[in-house]
Amino acid sequence: VIGGAMDAEPVLVTTPAAAVETADAVMAAICAGDYEAAGEKMYGKPNLGTDRAPGDPVGQVLWDAFLDSLSYELIGECYATDAGLAQDVTFSCLDFSSVTVSLQSRAQELLVQRVAEAENSEDADTIYDEKGDYREDFVMEVLLDVTRDALKEDARNKEQTLTLNLVYKQGSWWIMADQALLGAISGGIVG
């Protein structure tokens, strides 16, 4: 009979270089905005939303700013878990709330200012449609301007520690996508 070692935590004698390379490759792809490549190195090859684009120009500006803000750093060495290996990562990204918290008040102020300027210059047709409502292109221009201003003036990054869980299947190391990872790489939209 073997002693009590059966109940001990798994111990990693050497770190498989391929596991670290997989963790690094997935995070590098995410930070480069290549979610398709990242998904190819995740177990089950999930679609990480590469087929969905933001529905409007404001969403696109915010998403582009999010992608531009991404960075990561592997923390320490891989370590053994009951399911395989894990690699901790510090992940930094745009905190959407730092930008969106001021959008409504900024938009209201700029809308009032632009309406006053246009009415004083008799350019009301650039603001109002035939029903007397704001033109959609006018409103979108205001929203884009305030979003860009908020990104310049208010944007802050947030940092979090993620644990990438790796499993060895089919002769390769794979990242297991979990809610924490999906939430982080989507800016909190998923997860």
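**Some remarks on the overall build of the protein**
Part 1: If you tally the helices and strands in the protein, you get seven helices and four strands.
Part 2: For the protein, the residues scored as buried account for 34% of the 191 residues in total.
Part 3: Once local pairs closer than 6 in sequence are excluded, the contacts in the protein between residues at least 24 apart make up 66%.
Part 4: Of the roughly 11,400 Å² of accessible surface on the protein, 50% is carried by carbon and sulfur atoms.

**Observations regarding the sheet that holds strand β3 (residues 157-169)**
Part 1: With antiparallel pairing, four strands are arranged side by side in an open sheet as β1-β2-β3-β4. The open sheet has two free edges, formed respectively by β1 (71-80) and β4 (172-176), since each of these has just one partner strand. With direction set aside, neighbouring strand axes in the sheet form an average angle of 30°.
Part 2: In this sheet, strand β2 (residues 85-94) lies alongside β1 in antiparallel orientation, the contact comprising seven bridges. Looking at the pairing, tyrosine 79 lines up with alanine 86 of β2.
Part 3: Together, β1, β2 and β3 form the strand contacts of helix α3 (residues 57-69), whose direction differs from that of β2 by roughly 130°.

**A closer look at the packing of aromatic side chains**
Part 1: Applying the stated criterion across every chain, the model contains seven aromatic pairs.
Part 2: Between tyrosine 128 and tyrosine 134 the ring centres are 5.7 Å apart and the planes differ by 15°, which places this aromatic pair in the stacked class.
Part 3: In this structure tyrosine 128 comes out as partly exposed when scored by relative accessible area, which is 26%.
Part 4: On the basis of relative accessible area, tyrosine 134 is assigned to the partly exposed category, the value being 39%.
Part 5: Each ring, one from tyrosine 134 and one from phenylalanine 138, has its centre 5.9 Å from the other, and the planes form 40°; the classification is tilted.
Part 6: When its relative accessible area of 7% is taken as the criterion, phenylalanine 138 is described as buried.
Part 7: One aromatic cluster in this structure is built from Tyr35, Trp63, Phe66 and Phe96.

**Here we look at the nonpolar core**
Part 1: Ile30, Tyr35, Phe66, Leu70, Phe91 and Ile175 are the most contacted members of the largest nonpolar core, which totals 47 residues.
Part 2: When residues of this core are assigned to their parent elements, the largest contribution, seven residues, is made by helix α1 (residues 17-31).
Part 3: What phenylalanine 91 contacts, discounting residues up to four positions off in sequence, is Met27, Ile30, Cys31, Leu70, Ser71, Tyr72, Lys158, Glu159, Gln160, Leu162, Ala184 and Ile185.

**Details of the side chain of threonine 90**
Part 1: Looking at the secondary structure, you find threonine 90 in strand β2.
Part 2: Taking the relative accessible area as the measure of exposure, threonine 90 reaches 18% and is therefore buried.
Part 3: With sequence-adjacent residues up to four places away left out, threonine 90 is seen in contact with Ser71, Tyr72, Glu73, Ile75, Glu159 and Gln160.

**A look at unusual backbone geometry**
Part 1: Even without being glycine, lysine 45 reaches a positive phi, approximately 45°.
Part 2: Unusually for a residue other than glycine, glutamine 170 sits at a positive phi of about 55°.
Part 3: Its location among the elements puts glutamine 170 in the loop between β3 and β4.

Parameters and conventions
- Residue numbers restart at each chain and count upward from 1, following the sequence in its written direction.
- Under the rules for a predicted model, residues below a pLDDT of 70 receive no local features and side-chain atom pairs below 80 are neither given nor counted, while totals for whole chains, interfaces and linings still include all residues.
- Hydrogens and waters are ignored; side-chain quantities use all the structure's heavy atoms.
- For helices the rule is a DSSP run of H or I covering at least 4 residues; for strands it is a run of E covering at least 2, with both sets numbered from the N terminus onward.
- Think of it in three bands: residues with accessible area under 20% of the maximum for their type are buried, residues over 50% are exposed, and the middle band is partly exposed, with areas taken using a 1.4 Å probe on protein chains only.
- We call two residues in contact whenever any of their non-hydrogen atoms come within 4.5 Å of each other.
- Under the convention used here, a 1.4 Å probe and the Shrake-Rupley method define accessible areas, while residue burial counts only the protein chains that appear.
- Each pair of strands is called paired provided DSSP finds at least two bridges between the two strands.
- Convention adopted: a line fitted to C-alpha atoms gives each axis, helices being fitted over their contacting stretch, and angles between N-to-C directions are expressed from 0 to 180 degrees.
- Only Phe, Tyr and Trp rings take part, Trp by its six-membered ring, and two of them pair if their centres are within 6.5 Å. Stacked means planes under 30 degrees apart, edge-to-face means over 60, and tilted covers everything else.
- Only buried residues count toward a nonpolar core. Its members are Ala, Val, Leu, Ile, Met, Phe, Trp, Tyr and Cys residues joined through side-chain atoms within 4.5 Å.

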